[in-house]
Amino acid sequence: MTGATEEFFASLPERAPAVLRSPLRGSLRIDLYHGGHTAHWRVEMAPGEARVSRDSSDADATWVCRSDFFDRLVTGSEQAIAAMLRSETTIVGDIRLFLAFRGFLPSPPGTRDPRETARESVQAQGGGTR
Amino acid sequence: MSDLVSILDGNTFLVSDDRGDIEPAPDAPTGLFSFDTRFLSTWVLTLGGARLHLLSADDAHSYQSQFFLAPGEPMHDLDTRVSLMRHRWISEGLAEQLTVFNHSRETIRLTVRVAMGTDFADLFEIKNVQPKQGRVTAEPGHNELRLVYQRAGFRRESLITSSTDAEVDAEGMTFHIRIGPHDEWNTLLHVAAVIRDTKGRDARAVLPLIGDRTPQVILAEQQELIDRAPKLGCDCGPLAGAYRRSLNDLAALRYQSITIGVRLIAAGLPWFMTLFGRDSIFTSLQILPFLPDLVPPTITILAGLQGTRIDDFRDEEPGKILHELRYGETAGFEEQPHSPYYGGADSTPLFVILLDEYERWTGDGRLVRQLEAQTRAALAWIDTYGDLLGTGYVWYRTRNPTTGLPNQCWKDSPDAITRADGGLPGFPRATCEIQGYAYDAKIRGARLARKFWNDPDYADRLEREAAELKARFNRDFWIEDGEYYALALDPEGRPVDALTSNIGHLLWSGIVDESRAGRIAEHLLGPRLFSGWGVRTLATGQSRYNPVGYHVGTVWPFDNSIIAWGLRRYGYREEAGQICEAILSASQHFGGRLPEAFAGYQRSLTEYPVQYPTACSPQAWSAGTPLLLLRVMLGLEPQQEHLIIDPMVPEGMGRIELLDIRGRWGTVDALGRSRGPHDPSRGH
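Cut-offs applied
- Residues numbered from 1 in each chain as written.
- Chains lettered and ligands numbered in written order.
- Predicted model: local features only at pLDDT ≥ 70, side-chain atom pairs only at ≥ 80, totals over all residues.
- Helix = DSSP H or I, 4+ residues; strand = E, 2+ residues; numbered from the N terminus.
- Rg over C-alpha atoms; globule rule 2.2 N^0.38 Å.
- Buried ≥ 20, exposed ≤ 12 C-beta atoms within 10 Å, placed from the backbone.
- Contact = placed C-beta atoms within 7 Å.
- Pairing = 2+ DSSP bridges.
- Expected span 1.5 Å × (residues − 1).
- pLDDT = per-residue confidence, 0-100.
- Axes fitted to C-alpha atoms, helices over the stretch in contact; angles between N-to-C directions.
- Parallel < 35°, antiparallel > 145°, perpendicular 65-115°, else oblique.
- Left-handed = near helix turned anticlockwise from the far one by under 90°.
- Nonpolar A, V, L, I, M, F, W, Y, C, P; charged D, E, K, R; others polar.

**Some words on the overall build of chain A**
In terms of helices and strands, chain A carries five helices and five strands. Counting from the amino terminus, chain A carries its helices and strands in the arrangement α-β-β-β-β-α-α-β-α-α. For chain A, whose C-alpha radius of gyration is 18 Å, the value lies well above the compact-globule estimate of 14 Å for 130 residues. The dimensions of chain A, computed from C-alpha atoms along their principal axes, are 60 × 35 × 25 Å. Taking all 130 residues of chain A together, the buried fraction comes to 35%. Long-range pairs, those at least 24 residues apart, make up 73% of the contacts in chain A with a sequence separation of at least 6.

**Some details on the overall build of chain B**
Counting secondary structure elements, chain B contains 19 helices and 31 strands. Summarising its shape, the C-alpha atoms of chain B cover approximately 85 × 65 × 50 Å along the three principal directions. In chain B, which comprises 684 residues, the share counted as buried stands at 55%. Considering only intrachain contacts with a sequence separation of at least 6, the fraction spanning at least 24 residues in chain B is 64%.

**With respect to the pairing of strand S14 (residues 154-162) of chain B**
Two faces, one strand: in a regular strand the side chains alternate between the faces of the sheet. All names here are of chain B. S14 sits mainly inside the fold: seven of its nine residues count as buried. In the sheet, S14 pairs with strand S17 (residues 184-196) via eight bridges, with the strands oriented antiparallel. Paired with Ser162 across the two strands is Leu189, which belongs to S17.

**Thoughts on the interface of chain B and chain A**
The interface is formed by 39 residues belonging to chain B together with 32 residues belonging to chain A. Elements represented by at least two residues in the side of chain B that touches chain A include exactly S14, helix H7 (329-332) and helix H10 (372-383) of chain B.

**A word on the environment of Gln619 of chain B**
Residues and elements named next belong to chain B. Looking at the secondary structure, you find Gln619 in the loop between helix H17 (603-606) and helix H18 (620-623). Each C-alpha atom, one on Gln619 and one on Asp18, is 21 Å from the other, the two residues being 601 residues apart in sequence. Residue contacts for Gln619: discarding those within four places in its chain leaves Ala267, Gly268, Pro595 and Glu596.

**Points about helix H15 (residues 557-569) of chain B**
Residues and elements named next belong to chain B. Across its 13 residues, H15 extends 18 Å between first and last C-alpha, which sits within 8% of the 18 Å expected from 1.5 Å per residue. When we look at burial in H15, the residues that qualify are Pro557, Phe558, Asp559, Asn560, Ser561, Ile562, Ile563, Ala564, Trp565, Gly566, Leu567 and Arg568. A positive phi of about 90° marks Gly571, the residue just after H15.

**As for the confidence of the model for chain A**
The predicted model of chain A has a mean per-residue pLDDT of 93, with 95% of residues at 70 or higher. When pLDDT is averaged over each helix and strand of chain A, the minimum, 86, is found for strand S5 (residues 90-93) of chain A and the maximum, 98, for strand S3 (residues 49-53) of chain A.

**Notes on the sheet that holds strand S6 (residues 50-51) of chain B**
Residues and elements named next belong to chain B. Read across the sheet, five strands follow the order S6-S5-S11-S16-S15 without closing on themselves; strand pairing throughout is antiparallel. Only two strands of the sheet have a single partner each, and these edge strands are S6 and strand S15 (167-169). Bridge count between strand S11 (residues 108-117) and strand S16 (residues 172-179): eight bridges; the pairing is antiparallel. Its bridge partner being in S16, Ala115 is matched across the sheet by Gly172.

**Examining the sheet that holds strand S10 (residues 93-102) of chain B**
Residues and elements named next belong to chain B. Taken together, eight strands build an open sheet; the order of strands is S7-S8-S9-S10-S17-S14-S13-S12 and the sheet is antiparallel. Edge positions in the open sheet fall to strand S7 (53-58) and strand S12 (135-141), since each of these has one partner strand only. The sheet shows a mean angle of 15° between the axes of neighbouring strands, taken without regard to direction. Bridge analysis of strand S13 (residues 144-151) against S14 gives eight bridges, and the strand direction is antiparallel. Note on S14: the bridge partner recorded for Arg151 is Phe154.

**Describing the packing of H15 of chain B against helix H19 (residues 625-634) of chain B**
Residues and elements named next belong to chain B. Contact geometry for H15 and H19: axes closest at 9 Å, N-to-C directions at 15°. By the criterion of interaxial angle, the relationship of H15 to H19 is roughly parallel. Considering how the two elements wind past one another, H15 and H19 form a crossing that is left-handed. Here Pro557, Phe558, Ser561, Ala564, Trp565 and Arg568 of H15 lie close against H19, whose contacting residues are Thr625, Leu628, Leu629 and Val632. Classifying every residue of the contact of H15 with H19 by side-chain character gives seven nonpolar, two polar and one charged.

**Comments concerning the pairing of strand S28 (residues 636-639) of chain B**
All names here are of chain B. Inspection of the sheet shows S28 paired to strand S29 (residues 642-645) by four bridges, in the antiparallel sense. Residue pairing across strands places Gln639 opposite His642, the latter belonging to S29. Between the antiparallel neighbours S28 and S29 lie two residues, among them Gln640 with a positive phi of about 45°.

**Digging into the packing of H15 of chain B against helix H16 (residues 573-588) of chain B**
All names here are of chain B. Here H15 crosses H16 at 160°, and the two axes come no closer than 7 Å. Considering the angle they form, H15 stands roughly antiparallel to H16. The way H15 lies across H16 gives a crossing that is left-handed. Taken together, the residues of H16 that come into contact with H15 (itself represented by Pro557, Asn560, Ile563, Ala564, Leu567 and Arg568) are Arg573, Glu575, Ala576, Ile579, Cys580 and Ile583.

**Re the environment of Trp381 of chain B**
You can see Trp381 of chain B is positioned in helix H10. Setting aside chain neighbours within four positions, we find Trp381 of chain B in contact with Glu317, Gly319, Lys320, Thr348 and Gly386 of chain B.

**Quick notes on the confidence of the model for chain B**
Residue and element names in this part refer to chain B. Overall, the prediction assigns chain B a mean pLDDT of 92, with 94% of residues at 70 or greater. The low-confidence segment residues 206-211 (pLDDT under 50) makes ten contacts with residues lying over four places distant or belonging to another chain. In the model output, the complex is listed with pTM 0.94 alongside ipTM 0.96.

**Topic: unusual backbone geometry**
All names here are of chain B. In this chain, Ser339 is followed by Pro340 through a cis amide linkage whose omega measures -10°. In this fold, Pro340 is placed in the loop between H7 and helix H8 (347-362). The peptide bond linking Phe427 to Pro428 adopts the cis configuration, its omega dihedral lying at 0°. Tracing the sequence through the fold places Pro428 in the loop between H10 and strand S23 (430-431). With a phi close to 45°, Phe35 is a non-glycine residue in the positive phi region. Mapped onto the secondary structure, Phe35 falls in the loop between strand S3 (31-34) and strand S4 (37-40). Using a count of 26 C-beta atoms within 10 Å as the deciding quantity, one classes Phe35 as buried. At His182, a residue that is not glycine, the phi angle is positive and equals roughly 50°. Mapped onto the fold, His182 is located in the loop between S16 and S17. With 11 C-beta atoms packed within 10 Å, His182 lands in the exposed category.

Structure representation (structure tokens):
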């Protein structure tokens, strides 16, 4: 288990009020495997709340992922749905929980606000933004 | 494409030649497709090594077809001792019942072969041919042939089985058969389109999806959907035909999303058999009065996949509603951005509009409360990431120069956003109709905030912002000498001055100053925009006008349905009726199935609408068009707990009767009748 993943899960309770804003409730278990070892993380999601535990009991949805790949997801350099479409990760159960959980995953490193880049491009073209 | 035969059920479809054969075509969408992957690219029937020819074909149903074939060449050496029948239908892949008839008095021995193979092409690799990254293998077995594609963890299989003994090799199956006098032989071939997950499980077994559907089940499900729609009685043949055809096609285009497990409507055959934000929202708006049950899954999935982060490859931002979701290899391996792709600047305000319109019809306040956070996020997107330049408009500019879309409005071909003189503006661009949608989204968002979210302050703010936007828009987009609204603003805020059908969408959204609406209606029905079959996307006389240009001169039925709705909104009832008449007249030349688009030639020139060469058909928002036109002609408008019915039926169309219109009022019937010098005066 790496620092990035640990830090990510530790941050969820604090970030939940901004991320989990719909009335959805349920548990998402994330199984991270590496070699023969699987680490279980369980996130109980509710409006404005995320409770994280290292519990392997059944959940409403289960997301299975290689642990080094998950590191790349939580640092923004990979995207979760593409990974699912190419069978790099799998999700079984209530997919709405997975979709809501996406809100915790950050932008790719170095991403800039598109408004800044758009305004710079207009200035470079020689125009102003009035 | 007229000699091609297509069948479909949801997003699984098959396109073959008129004999039922599929020959390898790397750059054409022929074959069996499911979830954006080609599961068959070769499927050729021979008898004694020779191809067959067609006697007759039956493709009356969307999900099955039948071909009667005979050996030999037509006209001269027709061999009438033997004939063949292929009966096929979509069934989690393809099922084909192959029958060989012996019409002679002797026993005959024959060699029947079906050549089989596939390239597992992703639909995007057919648009733009690319070598495959993974490996295709063929595994012949006992009466089965398994074709496998593997690229890292990504696996797709075509599992082809025969119900009778076959000699199987890597390229097909051969049957050495013996048929007695006046007897027949048959086999059932099945091609399962298998999608596996990392553990090798069939993904469709893992997700809570429907099982194998027989033609009877498909027919029953389609019939059930049609039975729930209001019943149409009318004197007008084209309208009756188009209504029936539309309901059938909408039923056929429903599919089960493998990612999500809800039933959605695919946008159009063959290129767009997937979820689009814009198309699904417009289709939902069109069908709401008729098939309201089909709408919540679309709203829910769009909300569920709302953008959460800034992602340049996908043109994603928090709060944005998706443009296109794909399921194939190129999306998975990020060779295309459709996982999902967010390159549409209109889907987000349209989402708010749909949610409000849905509640106004159905009274389903529960969904509005449930989606409060997502709807607020969509409204916030309009004023934040949507307003790229901070000028109070929604702009677009892709951050993915390789595979992103330059034009992120419904007219998304590269030359669509043009000046009258043909010059193309720079980026970002703010097209006019998106500002209209943003205005309408704010007005409707205010209603939702007041009525369901208990937030009158937010409602007031949205209404104030909407009023400001309307004033600003009428100042900045109005072209004084032409007396119409510019198609767009360029990055410097200057009007892009082409005269286009987009001004009709402005009427629909309500952003047009009352004093200018009459002039807009005149333009829409004037000779430059109106062809007689409908409103052209781009007016004649504009430099890039081309009657067969995809977004620069063709007529789009969906576009016209929104324009008719807009004219009606501003009280231009007769003008709206003229558009309804034009499009419905055109529909009868397409057997009631309106294509995506047809050519913009003047009606008097051709007397029939000229087909656009690569138009998608069936296409969901074209199938939705006759439904919305019916709503417009009958003047159906929900008002609180009631349905207002205020018919204005175009001259010559006679009686229109729509029974059992469901909504928050229970069910009501609507009746309209045209009244003109050419109409019989039968009662009132």
